[in-house]
Amino acid sequence: QVQLVQSGGGLVQPGGSLRLSCAASGSIFRIYAMGWYRQAPGKQRDLVAAIRSSGSTNYADSVKGRFTISRDNAKNTVYLQMNSLKPEYTAVYYCNAGPFNVPGEHWGQGTQVTVSS
């Protein structure tokens, strides 16, 4: 069974940092690129960052220089390190397995990130 299990997230003050993790079943991790998406209330779900199995990455303009996506192939886990967080980054964050920069059918359960003082 295909599974993406997320951890991390929570409440952080502006300027703070958080790290999200997403553990994937081995078959997904070997085949697909991995991505992080976010969805704020009343808005569409947008790509935040993506990483190929080779390690090449892509970021939304709004998070470049602040967020870093990485993957540990030995642990079948993808990470999103989020630094210098802003209130407008508040959203539910989802990991995804699929084509690079395009959402596939496999989603994590979502995790709330709230940036507020």
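The notes below deal with the structure included here.

Scoring rules and cut-offs
Residues numbered from 1 in each chain as written. Predicted model: local features only at pLDDT ≥ 70, side-chain atom pairs only at ≥ 80, totals over all residues. Heavy atoms only, no water. Helix = DSSP H or I, 4+ residues; strand = E, 2+ residues; numbered from the N terminus. Buried < 20%, exposed > 50% of the residue type's maximum accessible area, 1.4 Å probe, protein only. Contact = heavy atoms within 4.5 Å. Phe/Tyr/Trp six-rings, centres within 6.5 Å; stacked < 30°, edge-to-face > 60°. Lys NZ or Arg CZ within 6 Å of the ring centre and 35° of its normal. Pairing = 2+ DSSP bridges. Axes fitted to C-alpha atoms, helices over the stretch in contact; angles between N-to-C directions.

## Quick look at the side chain of Asn96
Summarising the element assignment, Asn96 is placed in strand S9 (residues 91-98). Since its relative accessible area comes to 2%, Asn96 is described here as buried. With residues near it in sequence (within four places) discarded, Asn96 still touches Leu4, Ala33, Met34, Gly35, Tyr37, Val102, Pro103, Gly104, His106 and Trp107.

## Quick look at the packing of aromatic side chains
Throughout the structure, instances matching the rule amount to three aromatic pairs. Between the aromatic rings of Phe67 and Tyr89, the centroid separation amounts to 5.2 Å while the plane-to-plane angle is 70°, which identifies the pairing as edge-to-face. Of the two residues, Phe67 sits in strand S7 (residues 67-72) while Tyr89 sits in the loop between strand S8 (77-82) and S9, which places them 22 residues apart along the sequence. Residue class for Phe67 comes out buried when judged on its relative accessible area of 3%. With relative accessibility at 2%, the residue Tyr89 sits in the buried group. Connected via pairs of aromatic rings, a cluster forms that spans Tyr37, Tyr94 and Trp107. Over the ring of Phe100 we find Arg52; its NZ or CZ atom is 3.9 Å from the centre of that ring.

## Brief notes about unusual backbone geometry
The phi torsion at Asn76 lies on the positive side, around 55°, for a residue other than glycine. Relative to the helices and strands, Asn76 resides in the loop between S7 and S8. The phi torsion at Asn101 lies on the positive side, around 70°, for a residue other than glycine. You can call Asn101 partly exposed: its relative accessible area is 30%.

## Details of the sheet that holds strand S1 (residues 4-8)
Read across the open sheet, the four strands follow the order S1-S3-S8-S7; overall the sheet is antiparallel. Unpaired on one side and paired on the other, S1 and S7 mark the two borders of the sheet. Taken pair by pair, the neighbouring strands of this sheet meet at an average axis angle of 15°, ignoring direction. Pairing between S1 and strand S3 (residues 18-24): five bridges, direction antiparallel.

Read these as geometric descriptors, not functional statements.
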